[in-house]
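Here are the chains, one letter per residue:
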Amino acid sequence: MLNDLRLAFRKLRRTPVFTLTCLVTLALGIGATTALFSVIRGVLLAPLPFPESDNIMVVWEANPERGFPRFSFSGPNYLDLAEQSRSFTALAAQDQGEVIYTGGEEAQRLQASEVTHQYLQVMGLSPLLGRDLVAADDQAGAPRVAIVSESLWKGQFGADPDLVGRSLTLNGEPHTVVGIFPNSVLQEEVFINPTRDLTESRGAHYFSVRGRLAPGATVEQAQAEVAGILEGLAVAYPETNDGWTGGLAPLKEMVVGNVRGSLWLLFGAVFLVLLIACGNVANLLLTRLAHREREVAVRSALGAGRRRILRLLLAESVVLSLLGGLLGAALAWVAVRVLSSAASEAIPRVEQITLSPQVLLFAVLLSLLTSLIFGLLPAWRASRPNLATTIKEGGRGETSGKGWLRGGLVLAEVALAVLLLAGAGLLFRSLTTLMAVNPGFDPAQVASYQITLPEASYQDAAARSRLFEQLVDATAALPGADSAAFVSPLPFTGLRFMLLFAIEGRPLPETQQQMPVAHIQSATPGYFETLRIALRSGRTFQPSDTLDAPQVAVLNQTAARQYFPDEDPLGQRISFDGPAPDAEWLEIVGVVDDTLSGDLSEEVAALVYWNALQRPVPFGGLVVRSEGIEANTFFGPSRELLANLDPNLPMYDLATMERRLADNAAQPRFNASLLGLFAALALILAAVGVYGVLSYTVSQRVQEIGVRMALGAGRGQILKQVIKQGMVPVGLGIAFGTLLALLSGKAVESLLFNVSAQDPLSLILAPAALALVALLACWLPALRAAAIAPTEALRHE
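Quick summary incoming for the structure in this document. Treat the numbers as computed from the prediction; the structure is a model and nothing was measured.

Parameters and conventions
- Counting from 1, residues in each chain are numbered in the order their sequence is written.
- For a predicted model such as this one, the threshold for reporting local features is a pLDDT of at least 70, and the threshold for listing and counting side-chain atom pairs is 80 or more; totals across whole chains, interfaces and linings nevertheless cover every residue.
- With hydrogens and water excluded, all non-hydrogen atoms of the structure serve as input to the side-chain values.
- Only DSSP runs of H or I reaching four residues or more are called helices, and only runs of E reaching two or more are called strands; each is numbered from the N terminus.
- Contacts between residues were defined by any pair of non-hydrogen atoms, one from each residue, lying within 4.5 Å.
- Note on terminology: a nonpolar core comprises buried Ala, Val, Leu, Ile, Met, Phe, Trp, Tyr and Cys residues joined through side-chain atoms within 4.5 Å.
- Remark: exposure states derive from per-residue accessible area (1.4 Å probe, protein chains only) relative to the maximum for the residue type, with buried under 20%, exposed over 50%, and partly exposed in between.
- Put simply, a patch holds well-exposed residues, over 30% relative accessible area, that have no salt bridge, with like charges counted together within 9 Å and Val, Leu, Ile, Met, Phe, Trp or Tyr side chains within 5 Å.
- Under the convention used here, a 1.4 Å probe and the Shrake-Rupley method define accessible areas, while residue burial counts only the protein chains that appear.
- We define a salt bridge as a contact between a side-chain nitrogen of Lys or Arg and a carboxyl oxygen of Asp or Glu at a distance within 4 Å.
- A residue counts as positive if it is Lys or Arg and as negative if it is Asp or Glu; His and the chain ends are not included.
- Note that the charge is assigned to NZ on lysines, CZ on arginines, CG on aspartates and CD on glutamates.
- Identification of polar contacts relies on pairs of N or O atoms within 3.5 Å, with a donor-acceptor requirement for protein atoms, meaning one able to donate a hydrogen and the other able to accept it, and with residues adjacent in sequence counted only if both atoms are side-chain atoms.
- Multiplying one less than the number of residues by 1.5 Å gives the expected span of a helix.
- Whether two aromatic rings pair depends on their centres lying within 6.5 Å, for rings of Phe, Tyr and Trp, where Trp uses its six-membered ring; planes under 30 degrees apart make the pair stacked, over 60 edge-to-face, and the rest tilted.

1. Describing the overall build of the protein
- Summing up its helical and strand segments, the protein has 24 helices and 24 strands in all.
- Residue pairs at least 24 apart in sequence account for 81% of intrachain contacts in the protein once pairs closer than 6 positions are excluded.

2. What about the nonpolar core?
- Core analysis: the largest hydrophobic core is formed by 122 residues, its most contacted members being Ile347, Tyr527 and Leu770.
- With 16 residues, the single largest contributor to this core is helix H19 (residues 666-700).
- When neighbours within four sequence positions are excluded, Tyr527 is seen to be in contact with Ala485, Val487, Pro491, Gln521, Ile533, Tyr609 and Val623.
- Core analysis: the second largest hydrophobic core is formed by 25 residues, Tyr458, Val472, Leu613 and Phe634 among them.

3. What to know about a positive patch on the surface
- The grouping of Arg6, Arg10, Arg13 and Arg14 at the surface amounts to a positive patch.
- Of note, Arg14 is situated in helix H1 (residues 2-14).

4. Notes on the side chain of Asp646
- Along the polypeptide, Asp646 turns up in the loop between helix H17 (635-645) and strand S24 (652-656).
- With no salt bridge to any partner, buried Asp646 finds its closest opposite charge in Arg466, at an N-O distance of 10 Å.
- A distance of 2.4 Å separates a polar atom in the side chain of Asp646 from a polar atom in the side chain of Tyr458.

5. Considerations on helix H14 (residues 461-476)
- Here H14 spans 22 Å end to end across 16 residues, near enough to the 22 Å set by a 1.5 Å rise per residue.
- For H14, the complete set of buried residues consists of Ala463, Arg464, Ser465, Leu467, Phe468, Leu471, Val472 and Thr475.
- Of the surrounding elements, those touching the buried residues of H14 are strand S13 (446-452), strand S14 (481-488), strand S23 (619-626) and H17.

6. A word on the packing of aromatic side chains
- For the structure shown, the criterion picks out 20 aromatic pairs.
- Seen in terms of ring centroids, Trp264 and Phe267 are 6.0 Å apart; in terms of plane orientation they differ by 85°. Their pairing is edge-to-face. Residue Trp264 and its partner Phe267 are both found in helix H8 (residues 251-291); the two are separated by three residues, about one turn of the helix.
- Residue Trp264 is classed as partly exposed on the basis of its relative accessible area, which comes to 37%.
- Pairing Phe267 with Phe362 gives two aromatic rings, centres 6.4 Å apart and planes at 45°, and the pair type is tilted.

7. A few points about unusual backbone geometry
- With an omega of -5°, the peptide bond between Ser488 and Pro489 qualifies as cis.
- One can find Pro489 in the loop between S14 and strand S15 (498-500).
- A positive phi angle, close to 55°, is found at Arg532, a residue other than glycine.
- When you line up the elements, Arg532 lands in the loop between helix H15 (527-530) and strand S18 (535-538).
- Backbone geometry at Asp653 places phi at a positive 55°, although glycine is not the residue there.
- If you trace the backbone, Asp653 turns up in strand S24.

Given below as C-alpha cells:
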C-alpha cells in the first residue's frame with residue numbers, strides 16, 4: 001500500500017493543474033464542513049463547563065392563557081417549591097443585573113446577580129476562599145454580603161487573601177465580602193444576597209430559578225413534580241396563582257435551544273456542498289482515468305488483478321483527500337476565527353468554538369470518507385477494462401456510451417446546488433422582510449446609552465426624578481443635539497416588563513388571571529418627540545407633569561383598542577397598585593403609535609407609558625437625537641456630562657439605535673449569510689462541473705465535429721448541439737432540485753419571518769440563476785468546438 005501511495009503521489013505531481021484543481025475543490029468542501037462542525041461541537045455537542053451539567057435545570061412558571069409560556073418566579077412561590085420538591089438536591093433563585101462599585105479610582109459597573117443560598121451548589125461550584133451564601137443570608141433584613149469572582153479578585157484586588165471579610169461599596173451600600181468563587185465559566189463578577197423580601201408579593205415575578213436534579217431523578221419526574229406543586233399553589237392562592245403552572249428544561253437547552261435547528265440546518269447545507277465537491281472530483285477522476293484506460297488495460301494484460309488495480313487507483317484518491325484535508329484544515333482554522341468574530345452576537349457559547357483535537361480528528365475521518373465517496377466509483381469503473389477494445393483504440397479514452405455517468409454526476413450537483421440556492425433565497429427574503437419592519441419610531445441619528453442608579457444614593461423618588469431632569473436638559477443642550485429623553489427599559493436591550501393594572505370604575509376580577517396586563521415603559525417628557533413616535537390623540541408628557549402633579553399615562557394603540565374598545569381612553573384612570581385603598585391612579589392623557597421594543601419579529605403588544613419624572617425607576621437609558629452630525633459623536637461629551645453630574649454613575653452599553661436594530665437581526669443575518677456563502681460555493685462548483693464534463697466531451701469528439709463540419713454543418717449548428725448536450729443534464733438537475741426545494745421547505749420554515757417556505761420568487765430565481773451560470777459554462781466549450789477547423793480535426797486522428 002505504501003508503494004501504491006508513493007506511486008500515486010508521483011503521478012499527481014506530474015499533473016499539477018489536475019491535482020491543484022482537485023485539492024482546491026476538496027479543501028473548500030472539507031474546510032467549510034470542518035469549520036461548521038467546530039461550531040456544532042462547541043455550541044451544541046460540548047457539555048456546559050459545569051460538573052454534571054446535564055443535571056442543572058432551569059425552572060419556570062407558566063401561564064399560557066396570558067401569553068407567558070415561560071415566566072419568572074415570585075419569591076413565595078419559589079420558597080414553596082424549594083420546600084415541597086424532592087426531585088432536586090438544591091434550588092436557587094436568581095435576579096440578574098449589575099452593581100456599581102465605587103471603591104476604586106472611578107465608579108465601575110460590575111456584572112452581578114442577586115442569588116439565594118445554594119446557587120453555587122446548583123452550578124456545581126465551591127468557593128475558593130471564604131464561605132458560600134447560607135440560608136440566613138436570604139432572610140429579609142439580613143446583613144448585606146457578597147461573594148466576588150476569581151477574576152475580579154485577581155484583577156481589581158491583586159489576589160489579596162484579606163479581601164474576605166472586607167467591606168465593598170456596591171450600589172452605594174457596604175457589602176461584606178464572605179467568599180471568592182471561580183468564575184471561569186460564569187459571566188457574573190459578583191453575587192450578592194437578595195434585596196427583596198422573598199416572603200412577600202406572591203403575584204410579583206422577579207426571579208429565575210435553577211435546580212440540580214437529585215440522584216436517580218429524571219427530567220420527566222421533576223417536570224411532573226414542578227407542575228404538580230404549582231398547580232397546588234394555584235388552588236391554595238387563587239387570587240395570585242390561578243392559571244399558573246410550571247415547567248423546566250436542562251440549562252443547556254435554554255442556552256442553545258434557539259440556535260439548535262438553524263445550526264443543524266447549516267451543517268446539512270455545508271455537507272451538501274461537500275457532496276458537490278466530491279462529485280466534481282469524481283468527474284475529474286473519470287476524465288483522468290479515461291485517458292489512462294490503455295495504461296490500466298496493459299497492467300491487466302500483464303497480470304494485475306482487479307483488486308490490485310482498484311487499490312492502485314484508490315491510493316490516488318486517498319492521497320488527494322488527505323492533502324485536501326490538510327489544506328481544508330488550514331482553511332477551517334481561518335474560518336473558525338472569522339466565524340467566532342462574526343457570530344458573537346448571533347449564537348451562544350462562541351468562546352467554545354475552537355479547532356480542538358476532536359475537530360481535527362473529524363477532519364481526518366472526513367478526508368478519508370471523501371476519498372471513498374469520490375474515488376470508489378471511478379476506480380471501480382476503471383478496474384474493469386475491455387482489453388481488446390481499449391488496446392485496439394490506442395488509448396483514445398472511453399467510448400461515448402459511458403458518458404451517462406458524468407451526466408448523472410452533473411445532474412446530482414445541479415440538483416443539490418438548486419436546493420441550496422433556494423434555501424439561501426428564502427433566508428435572504430426573510431431577512432430583508434425582517435429588516436423592513438417598521439419599529440414604530442425613527443432610529444436614524446439617535447445615540448443611546450444605559451445607566452444604573454445606586455439605590456443607597458438615590459433611595460427616594462425625588463432624587464431620581466431630579467437627576468433625570470438635569471441629565472436630559474444638559475444632554476439636550478449639547479452642541480448638535482436636537483432633543484433628548486430618558487426611558488426605561490431602553491428599546492432593543494432585551495429587557496421587558498409587564499404589570500397587571502386596574503381600570504377605574506370597573507369591578508375588580510376575582511383573580512389576577514382576569515386582570516388587564518401590559519408592557520411598561522417609563523419615559524420623560526420629550527421621549528416621543530426624540531424617537532418621533534406619532535401622537536394619535538390627546539397629548540404626550542409635558543414639563544408640567546412633575547413629581548407633585550397628578551400622575552399621567554400614555555397608551556399605545558394596541559392597549560387602547562384592547563382595553564377601551566368602545567370608549568375613548570382619554571381621561572380614564574388606571575392603577576398598578578391593585579385594589580389597595582391608597583392606590584395611585586394615573587390619568588390617560590394620550591394615545592401614540594404602536595412600537596416594537598424587544599424584537600423585530602414580535603407581535604405588537606399592549607404598552608403603557610408612565611412619566612419617569614413622576615414614577616422614576618433606578619435604571620434605564622438616555623436617547624439623544626442629533627441635528628446634522630453623527631449620532632455616535634455624543635458619547636464622549638455625554639460621558640463628561642454624566643461625570644460632572646455624578647462621578648459614581650458609569651455609562652455603559654453605548655450604541656446608536658440603528659445599531660441596536662441591526663444587532664436584533666444578528667442571528668437571521670448570520671444564518672442567511674452562511675447559507676448564502678454555501679449556496680455560492682455550490683453554484684461555482686456546479687458550474688465548474690458542467691464546464692469540465694463538456695470540455696472533456698468536446699475534446700473526445702474533435703474528429704466527429706470535424707467530419708460534421710466537413711459534410712456541411714455550420715458553426716451555429718455545432719454551437720447549438722454542444723450547448724444542448726451540456727444543458728440536458730443541467731435541465732434535469734434543475735427540475736429535480738426544484739422538486740427537492742419544494743419538498744424540503746418545512747426544514748427552513750421555523751427560520752422564516754413572514755415568508756412562505758414555498759416562496760415563488762425564491763423557487764424561480766434559484767433555478768434561473770443556476771441555468772444562467774450553467775449556460776455560460778456550456779458556452780465556452782461550445783465556442784471552442786465551433787472553432788475547430790475540419791482539416792485539423794481530421795488530421796488530429
